[in-house]
Amino acid sequence: MKAKWIHGVVGLVLVLSIVLVACSRGEEATPVTPSSAPPPAAKVTASPTSAPVAKATAAGTPASKPAPGPDRTPKPERVTVLVEALGTEGFLPSNDSQTAFKMLPTYETLWDMEPDTRQLRPVLAETLPQYSDDGKTLFINLRQGIQFHDGWGEMTAEDVKLTIEMAGRDNSLNPGKADFARAKVEILGPYKLAVHLPAPSWSWAIENGANYRLLLPIVSKKYIDKVGEKEAGRHLIGTGPFKFVKHELSQSVEFEAVTNHWRVTPDYKTLVVKKITEPGTALAMLRTGEADLAAISPQFVPEARAAGLEIRVVPNVGVIGVGLGGQYLPSRANFDPNVPWVQAKNPEKGLMVRKALNLAVNRQEIIDHVLNGIGGQWPVLASPNNDASYDPSWKPYPYDPVEAKRLLAEGGYPNGFETTMVQFPMSGHATREIAEAVSTYWEKIGIRVKRLPMDQPAHRQRQNEFRNAGVAFPVYRNGVDEEMMGPQSFFSSKSAGMNIQFEYSELDALIAKGTSELNKEKRLAIAYDFHKFMYENYLAVPVTVENMPYVVGKRVGEYRTLTGDPFLMSLEYLKLK
């Protein structure tokens with residue numbers, strides 16, 4: 001979808017807003033969150049950080065062999081899932097394929113989460129995370145007898161060690177690179193490891209080893225040593241309930257169910273994850289039965305309904321908005337002190353510009369007319385499911401273009417300035433549409449915006465190289481972030497890749513304090529202070545809480561998504577009618 005085309009569509013939508021809203025709401029069939037006020041956070045009975053975390057000694061506990069799976073054969077059916085991106089398509093822990101890993105159940109993680117309660121539970125690990133008394137060492141006890149596909153042998157501690165080290169190497173594009181790089185892995189036995197951390201980190205196992213982020217898909221050392229990383233990244237070998245069949249570059253990946261898998265045998269034999277970038281094409285394939293499942297942008301909900309497709313919604317999957325690039329620490333080589341929203345020599349003026357950029361945006365109009373009423377305003381780029389990330393007294397930034405122009409002039413730019421807005425697609429999320437809508441509002445106060453379409457991996461590479469000073473871009477904050485886990489990943493100067501949206505020494509200090517704090521109540525207080533700083537300093541342009549719609553074909557029956565997670569994963573549990 002080209003930027004100029006998007007620009008025209010958004011402009012037209014805003015002009016004809018009343019008519020469009022009346023039409024779309026007249027067909028309302030899917031429950032959505034009211035968009036006139038911040039939606040209530042989706043409450044869950046347990047958070048990932050509330051799962052019990054045990055203390056352990058270096059000896060750990062005895063590992064056990066997995067119980068045999070149910071004796072059943074998958075139905076001879078083919079399920080096709082559509083995505084907008086497949087990452088870098090080198091499906092190894094050192095590559096930028098987090099989105100793709102979510103859709104590739106050939107791999108398994110150390111832990112996962114129960115869909116409804118988000119309670120942490122063991123997968124390849126036999127026990128819940130176990131820490132030393134000082135919190136600096138994580139002990140991992142692995143299950144025995146877990147086999148890699150195609151005869152590549154049993155999973156052992158050697159495979160987990162290699163996976164962690166690959167994710168943390170210097171040239172890694174893994175979003176958790178910094179955490180992995182600081183960890184030192186010691187093998188204590190065939191099924192036991194110790195991960196030594198530089199400081200206490202209650203979140204390391206949950207943040208890096210669980211399925212909700214899927215940063216650590218466990219790979220086979222024996223296989224990679226034999227065929228090399230290039231081949232291993234294109235021809236996948238894992239331990240999951242689907243094994244790799246073939247990969248067509250930039251098109252699709254095909255898998256076959258593992259009969260009598262140790263954990264779960266899929267209901268159907270063949271899974272195809274297919275890349276489709278045009279929403280219209282995706283809807284047509286779902287309508288004709290060529291595809292069975294796809295996340296869609298709220299913009300296309302009326303079209304999906306008109307086609308008679310079934311729409312389901314994952315509530316409160318995150319907050320989406322626009323990041324203001326270049327808020328780096330001054331020590332960065334690419335730090336530009338003259339970025340309008342930074343102005344290092346006069347930071348108060350930089351704050352005025354950031355505030356102006358926020359007051360220029362009519363969030364409610366975007367929710368109503370671009371997102372078809374699916375969403376709700378939110379005051380800060382923070383998880384809507386975590387009470388520590390916001391205060392009810394914090395109101396969403398109001399729409400006040402007159403005040404925005406005044407602040408822009410007071411901030412040193414009475415005639416506006418030029419900037420670039422990156423636009424990239426993200427499966428099931430309105431990243432491009434929101435970037436375009438914000439651009440349109442900024443232009444109304446005199447900002448001259450150049451659109452720059454690119455794919456998400458290219459944007460992440462620019463972030464890795466700190467080349468976004470003075471550049472705006474879509475940003476996404478997961479709805480599953482708890483306490484200090486999100487800040488550590490998204491906003492620490494020691495983070496990596498796309499996660500870096502702004503850096504401040506005050507925030508780094510709070511992150512360091514919060515990630516090493518083992519007392520949960522104290523962590524909650526630190527998280528509150530962190531997000532208060534974000535809110536009061538207008539560090540980003542939050543737009544909306546996202547409720548993610550997805551479309552299922554006529555054959556799809558039960559399918560449980562992970563509460564608050566923005567990805568359609570765990571496809572091994574999808575049932576056909």
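Because the structure is predicted, anything quoted here is derived from the model rather than measured.

Colleague: What is the right way to look at helix 18 (residues 520-536) in this model?
Modeller: An α-helix turns once every 3.6 residues. As a result, residues three or four positions apart point the same way. Relative to the 24 Å expected for 17 residues at 1.5 Å per residue, helix 18 spans 24 Å between its end C-alpha atoms, a close match to the ideal helical length. Among all positions of helix 18, only Arg523, Ile526, Ala527, Phe530, His531, Phe533, Met534 and Tyr535 are buried. Close packing links the buried residues of helix 18 with strand 16 (471-478), helix 16 (485-490) and helix 17 (505-516). At the N-terminal end of helix 18, a side-chain oxygen is found 3.1 Å from the backbone nitrogen of Glu521, two or three residues along, and the residue is Asn519. With its phi angle positive at about 50°, Tyr538 sits one or two positions after the end of helix 18.

Colleague: Teacher, can you tell me more about unusual backbone geometry here?
Modeller: Generally, phi is negative for residues other than glycine and the peptide bonds are trans, each holding for most cases. Even without being a glycine, Asp150 presents a positive backbone phi close to 60°. When you line up the elements, Asp150 lands in the loop between strand 6 (137-141) and helix 4 (157-168). Its identity as a non-glycine residue notwithstanding, Phe466 has a phi of 55°, on the positive side. Counting through the fold element by element, Phe466 comes out in the loop between helix 15 (456-464) and strand 16. Classification of Phe466 by relative accessible area gives buried; the value is 15%.

Colleague: Where do I start with the sheet that holds strand 9 (residues 242-248) in this structure?
Modeller: Either a parallel or an antiparallel arrangement is found when strands of a sheet pair, and the pairing is made through backbone hydrogen bonds. If you trace the ten strands from one edge of the open sheet to the other, you get 9-10-11-2-12-17-13-16-14-15, paired in mixed fashion. In this open sheet, the two edge strands, each paired with only one partner strand, are strand 9 and strand 15 (448-453). Taking each pair of neighbouring strands and ignoring which way they run, the sheet shows an average axis angle of 25°. Bridge count between strand 2 (residues 75-83) and strand 11 (residues 268-275): seven bridges; the pairing is parallel. Following the sheet pairing, Thr80 is matched in strand 11 by Val272.

Colleague: Teacher, can you tell me more about the packing of aromatic side chains here?
Modeller: Both the distance between ring centres and the angle between the ring planes are used here to describe each pair of aromatic rings. Under the definition given, this model contains 16 aromatic pairs. When the centroid spacing of 5.7 Å and the interplanar angle of 90° are considered together, the rings of Phe180 and Trp204 count as edge-to-face. With Phe180 in helix 5 (residues 177-182) and Trp204 in helix 6 (residues 204-209), this pair connects stretches of sequence that are 24 residues apart. On the basis of relative accessibility, which here comes to 2%, the residue Phe180 falls in the buried class. Where Tyr397 meets Tyr538, the ring centres are 4.4 Å apart and the plane angle is 25°; that geometry is what we call stacked. Residue Tyr397 is located in the loop between helix 12 (363-369) and helix 13 (401-410), and its partner Tyr538 is located in the loop between helix 18 and strand 17 (540-552); the two are separated by 141 residues in the primary sequence. Note on accessibility: Tyr397 and Tyr538 belong to one class, buried. Taken together, Trp394, Tyr397, Tyr528, Tyr535 and Tyr538 form an aromatic cluster joined through their ring pairs.

Cut-offs used in this document
- Residues numbered from 1 in each chain as written.
- Predicted model: local features only at pLDDT ≥ 70, side-chain atom pairs only at ≥ 80, totals over all residues.
- Heavy atoms only, no water.
- Helix = DSSP H or I, 4+ residues; strand = E, 2+ residues; numbered from the N terminus.
- Expected span 1.5 Å × (residues − 1).
- Buried < 20%, exposed > 50% of the residue type's maximum accessible area, 1.4 Å probe, protein only.
- Contact = heavy atoms within 4.5 Å.
- Polar contact = N/O pair within 3.5 Å; in protein donor to acceptor, adjacent residues only side chain to side chain.
- Pairing = 2+ DSSP bridges.
- Axes fitted to C-alpha atoms, helices over the stretch in contact; angles between N-to-C directions.
- Phe/Tyr/Trp six-rings, centres within 6.5 Å; stacked < 30°, edge-to-face > 60°.

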